[in-house]
Amino acid sequence: MRMMQYGFYFDSTRCTGCRTCEIACKDYKDLDVDFAYRHVYDCEGGDWQMQSDGT
């Protein structure tokens, strides 16, 4: 059974905006350069709450 991935978390304080994560994903999935599998969008704001299990 394949699970759908709706997003992923990363530490944006370390991000330089180079978009290398998109290229790394294409390399890992062995995709063509023209194929856009993962898009990185910049979003800020909101809040979050840590659950008891650490998520």
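My aim in this report is to walk through the structure given alongside it, one point at a time. Bear in mind that the values here come from a model prediction, so they are computed numbers and not experimental data.

### Focus: the overall build of the protein chain
Alright, step 1. What the protein chain contains, in helices and strands, is one helix and zero strands.
Alright, step 2. Scored against the burial criterion, the 55 residues of the protein chain give a buried share of 5%.

### Observations regarding a negative patch on the surface
Alright, step 1. Side chains of Asp 27, Asp 30, Asp 32 and Asp 34 sit close together on the surface and give a patch of like negative charge.
Alright, step 2. Within the element layout of this structure, Asp 34 appears in the segment after helix H1 (20-29).
Alright, step 3. Residue classification places Asp 34 among the exposed positions, given a relative accessible area of 77%.

### Side note on unusual backbone geometry
Alright, step 1. The residue Asp 30 is not glycine, and still its phi comes out positive at about 55°.
Alright, step 2. Relative to the elements of secondary structure, Asp 30 occurs in the segment after H1.
Alright, step 3. Judged by relative accessible area, which is 70%, Asp 30 ranks as exposed.

### Some words on the state of the cysteines
Alright, step 1. If you walk through the whole model with that rule in mind, you get zero disulfides.
Alright, step 2. Looking at the unpaired Cys 15, the closest cysteine sulfur is the one in Cys 18, lying at 6.6 Å.
Alright, step 3. Take Cys 15: its relative accessible area is 42%, and that puts it in the partly exposed class.

The rules behind each value
- Residues numbered from 1 in each chain as written.
- Predicted model: local features only at pLDDT ≥ 70, side-chain atom pairs only at ≥ 80, totals over all residues.
- Heavy atoms only, no water.
- Helix = DSSP H or I, 4+ residues; strand = E, 2+ residues; numbered from the N terminus.
- Buried < 20%, exposed > 50% of the residue type's maximum accessible area, 1.4 Å probe, protein only.
- Patch = residues over 30% accessible without salt bridge, like charges linked within 9 Å, V, L, I, M, F, W, Y side chains within 5 Å.
- Areas by Shrake-Rupley, 256 points an atom, 1.4 Å probe, with all protein chains shown as cover.
- Salt bridge = Lys/Arg side-chain N within 4 Å of Asp/Glu carboxyl O.
- Lys, Arg positive; Asp, Glu negative; His and termini not counted.
- Charge placed at Lys NZ, Arg CZ, Asp CG, Glu CD.
- Disulfide = S-S within 2.5 Å.

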